[in-house]
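# Coordinates in review
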Amino acid sequence: MAGELEVVASALVAPGKGILAADESSGTIEKRFTSIGVESTEENRRGYRDLLLTTEGAADHISGVILYDETIRQSSADGTAFPAKLNEQEIIPGIKVDKGAKPLAGAAGETVTEGLDGLRERLEEYRGLGARFTKWRAVITIGDGIPSEYCIWTNAHALARFAALSQEAGLVPIVEPEVLMDGTHTIERSFDVTSRTLHAVFTELRDQRVHFEGMLLKPNMILSGYECQEQAGVEQVAAETITCFRRHVPAAVPGIVFLSGGQTDEAASAHLNAMNLSGPHPWELSFSYGRALQAPALKAWRGDPDNVTAAQAAYLHRARMNGLARSGSYSPELEAQVPAQT
Ligand code: 13P
């Protein structure tokens, strides 16, 4: 079992490739669709995911896709179930298994992620549906007097319970403690809070006997808060992020797959590129982006079947840019090479 987990974890961080997070919950995908004036019906959600999952050439840069509960049960236009459609392209299907961040009792402004009840049974079902890896996202907010140690440790405990159950089911857990970058905080504050969070997460993972070689970490990068007066540049973001992770993430973990967390598409590529340029590092440094891979495709699509080709071209371009950032081969000049949109 440990061997199988290690094989899948390594395949997910294969050179030049990263993960597409297409696991938006019903509420989140509705927000995304509203932003382009599209109604969030089951068929529109299926059609949009179909467009992404059938983009020719994406498999050159995409190792795995994180699906949502509804999507893993849906099929492509040709009737092939989405997990099988991904397997045809040698892309590994994964599944988000948490049930979202809910208010944490007695801790104003803080949340804890729920979804542990019945998780063992759900994991078994997802494995039967074709999933080979899982994801659980905890949310840590920076603000006045927060995050509390209570919030950090409660979320870390739940993340480790998820990871242990996932490995028991033969599924590689992607452990996602996201420190939000919304706010006026400085990059130093991001560094401090991310350090406290990673310390708690790896303490809990170890205490709960999680096999480090068979998991991946999905963290935030260390940035200046988006509303901070002083914005750190690409080099500083890369240096602070690497310093923090070297201190807290065991070398036994095969890969760190960053979330994009509201960065612009190009910043997410540039930051990952700069980190890989400063390697070698103890772990693979890769991406598991949602918005930074999908935003241009969503805009190009706007719910119109006539725009599918243009949307796929936009997605493929971002996948390629981030694939290049895996080896430090990205540069902003390459952004002009968007494939012709017919
Ligand atoms: P973003 O890259 O849009 O932050 O999404 C990644 C993700 O999966 C959040 O859970």
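Please read these numbers as outputs of a predicted model, since none were measured by experiment. Residue positions are counted from 1 within each chain, in the order its sequence is given. Owing to the predicted nature of the model, reporting of local features is limited to residues with pLDDT of at least 70; listing and counting of side-chain atom pairs is limited to 80 or more, with chain, interface and lining totals taken over all residues. Hydrogens and waters are ignored; side-chain quantities use all the structure's heavy atoms.

## Observations concerning the overall build of the protein
Helix and strand assignments come from DSSP, with helices taken as H or I runs of at least 4 residues and strands as E runs of at least 2, each series counted from the N terminus. The secondary structure content of the protein amounts to 12 helices and 10 strands. Referenced to the eigenvectors of the C-alpha coordinate spread, the extents of the protein come out at roughly 50 × 45 × 40 Å. Counting across all 342 residues of the protein, residues that qualify as buried make up 57%. Throughout, a contact is declared for two residues whenever any of their heavy atoms are within 4.5 Å. Sequence separation of at least 24 residues holds for 78% of the intrachain contacts in the protein that already meet a minimum separation of 6. By the counting scheme adopted, Arg and Lys are positive, Glu and Asp are negative, and His together with the chain ends is not counted. Throughout, a charge is located at the NZ atom of Lys, the CZ atom of Arg, the CG atom of Asp or the CD atom of Glu. The positive charge centre, built from 31 side chains, and the negative charge centre, built from 45, are 2 Å apart in the protein. Three labels apply to residues, based on accessible area from a 1.4 Å probe with only protein chains included: buried if under 20% of the type maximum, exposed if over 50%, partly exposed otherwise in between.

## Observations regarding the state of the cysteines
In this description, the term disulfide denotes a pair of cysteine sulfurs within 2.5 Å. Per the counting criterion, the structure on display carries 0 disulfides. No disulfide involves Cys244; its sulfur sits 17 Å from that of Cys151, the nearest cysteine.

## A few points about the site of the ligand
The nearness test applies per residue and asks whether one of its heavy atoms lies within 4 Å of the molecule or strand. Surrounding the ligand, one finds 13 residues, the nearest of these being Lys135, Lys218, Ser260, Gly261 and Arg291. Definition of a polar contact: a pair of N or O atoms within 3.5 Å, with one able to donate and the other able to accept a hydrogen when the atoms are protein atoms, and with sequence-neighbouring residues admitted only if both atoms are side-chain atoms. At 3.0 Å from an oxygen atom of the ligand is found a side-chain nitrogen or oxygen belonging to Glu176. Using the Shrake-Rupley algorithm and a 1.4 Å probe, accessible areas are obtained, with residue cover drawn only from the displayed protein chains. The protein chains hide 91% of the 300 Å² of surface that the ligand would expose on its own. Among the elements of the structure, β6 (133–140) and β10 (284–289) are those that each provide at least two residues to the shell around the ligand.

## Quick word on the packing of helix α8 (residues 187–207) against helix α9 (residues 234–248)
Where α8 contacts α9, the axes come no closer than 9 Å and their chain directions differ by 25 degrees. Judged by the angle between their axes, α8 and α9 are roughly parallel. The two elements α8 and α9 cross, and the hand of that crossing is right-handed. Taken together, the residues of α9 that come into contact with α8 (itself represented by Ile187, Glu188, Phe191, Thr194, Ser195, Leu198, His199 and Phe202) are Gln236, Val237, Glu240, Thr243, Cys244, Phe245, Arg247 and His248. Each axis is a line fitted through C-alpha atoms, taken for helices only over the stretch in contact, and angles between the N-to-C directions span 0 to 180 degrees. Any angle that is under 35 degrees is reported as roughly parallel, and any over 145 degrees as roughly antiparallel; angles of 65 to 115 degrees are reported as roughly perpendicular and all others as oblique. Take the far helix as your reference; a near helix turned counterclockwise from it by less than a right angle gives a left-handed crossing, and one turned clockwise gives a right-handed crossing.

## A short note on the pattern of salt bridges
The term salt bridge refers to a side-chain nitrogen of Lys or Arg lying within 4 Å of a carboxyl oxygen of Asp or Glu. For the structure on display, the rule yields 18 salt bridges. Glu284 is the partner of Arg326 in a salt bridge, and the nearest nitrogen-oxygen pair spans 3.2 Å. You can see Arg326 sitting in the segment after α12 (308–325) and its partner Glu284 sitting in strand β10, a full 42 residues away along the chain. Residue class for Glu284 comes out partly exposed when judged on its relative accessible area of 35%. Between Arg318 and Glu335 there is a salt bridge, with the nearest N and O atoms lying 2.8 Å from each other. Of the two residues, Arg318 sits in helix α12 while Glu335 sits in the segment after α12, which places them 17 residues apart along the sequence. Accessibility expressed as a relative area gives 4% for Arg318, which makes it buried.

## A word on the pairing of strand β3 (residues 92–96)
Moving residue by residue along a regular strand, the side chains alternate between the two faces of the sheet. Counting buried residues along β3, 5 of its 5 residues qualify, which places the element largely inside the surrounding structure. Neither face of β3 is open: one carries Ile92, Gly94 and Lys96, the other Pro93 and Ile95, and all of them are buried. Pairing of strand β2 (residues 62–67) with β3, which is carried by 4 bridges, proceeds in the parallel orientation. Directly across from Val65, in β3, lies its bridge partner Pro93. Here, any two strands with at least 2 DSSP bridges between them count as paired. Relative to β6, β3 runs parallel, the two being bridged by 3 bridges. Considered in β6, the bridge of Gly94 is made with Phe133.

Keep in mind these values describe shape, not function.
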